[in-house]
Amino acid sequence: MESTRRRGAALEADLLDAAWAELKAVGYPKLTMEGVAARARTGKQVLYRRWRNRAELVIAAMRHHSGRIADRVPDTGTLRGDTLAVLHLMSERQREVGQDVIHGLMAEAGFRKAEATETMQGIMRTLLERAAERGEIPTADVPTRLLTLPTDLLRHEMVLGDEPVGEGTLEEIVDVIFLPLVSMSAP
């Protein structure tokens, strides 16, 4: 029986599946590129050709396993519902991967902050543009800091907390802070 060598998308999927399995088995603090390579039955140089470090690998594995939030921007019909849905997607990921992963990634993935901010700006801009088209708000043109305020506040809660963020906190971020500020920022 001839052995077939994995390549391209099939190899990458195997590597990301191995990274996800290793993350679930040992947790973020103990995850190593060597451990993932052993689980994937390959050399760690194969991993390093695709991802510079374990933070990049884990982010890719998370996206492979559960998708990107940017690829499933909610459309519930209201700005409140959409914003809560985005925050739910973020908090679901936190519950799925655990606090150690969230804390580890936020500490190690500093190089990805700009990418995360741009992604969330795009998602939130979409939500505001839809809300303006529906007539919920007069304009989607709000200050950039306000645009990402809900997701920034949720990240803050994730970093400082030892438990997943609860529903009450998500609703407070949206109802008490974000929506009033969006209404006040309209010309």
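Residues numbered from 1 in each chain as written. Predicted model: local features only at pLDDT ≥ 70, side-chain atom pairs only at ≥ 80, totals over all residues. Heavy atoms only, no water.

Caption draft 1: Structural context of the overall build of the protein chain. Within the protein chain one finds 10 helices and zero strands. Helices and strands in the protein chain line up, N terminus first, as α-α-α-α-α-α-α-α-α-α. The C-alpha extent of the protein chain, read off along each of the three principal axes, is 70 × 35 × 25 Å. Within the protein chain, residue pairs in contact and separated by at least 24 positions form 73% of the contacts whose partners lie at least 6 positions apart. For the protein chain, the accessible area works out to roughly 10000 Å², and carbon and sulfur atoms hold 51% of it. If the 25 positive side-chain charges of the protein chain are averaged to one point and the 28 negative ones to another, these points end up 9 Å apart. (Helix = DSSP H or I, 4+ residues; strand = E, 2+ residues; numbered from the N terminus. Contact = heavy atoms within 4.5 Å. Areas by Shrake-Rupley, 256 points an atom, 1.4 Å probe, with all protein chains shown as cover. Lys, Arg positive; Asp, Glu negative; His and termini not counted. Charge placed at Lys NZ, Arg CZ, Asp CG, Glu CD.)

Caption draft 2: Representation of the pattern of salt bridges. Under the criterion given, the structure shown has 10 salt bridges. Residue arginine 68 is joined to aspartate 71 by a salt bridge in which the shortest nitrogen-to-oxygen separation is 3.7 Å. Judged by its relative accessible area of 60%, aspartate 71 is exposed. Between glutamate 136 and arginine 134 there is a salt bridge whose closest N-O contact spans 2.7 Å. (Salt bridge = Lys/Arg side-chain N within 4 Å of Asp/Glu carboxyl O. Buried < 20%, exposed > 50% of the residue type's maximum accessible area, 1.4 Å probe, protein only.)

Caption draft 3: Region of the structure containing the packing of aromatic side chains. The final tally for this structure, using the stated rule, is zero aromatic pairs. Above the plane of the ring of tyrosine 28 lies arginine 54, whose end atom (NZ or CZ) is 4.2 Å from the centre. (Phe/Tyr/Trp six-rings, centres within 6.5 Å; stacked < 30°, edge-to-face > 60°. Lys NZ or Arg CZ within 6 Å of the ring centre and 35° of its normal.)

Caption draft 4: Focus on unusual backbone geometry. The phi angle at arginine 41 is positive, at roughly 55°, despite the residue not being glycine. Structurally, arginine 41 can be placed in the loop between α2 (33-40) and α3 (44-48).

Coordinates in, geometry out; function isn't part of it.
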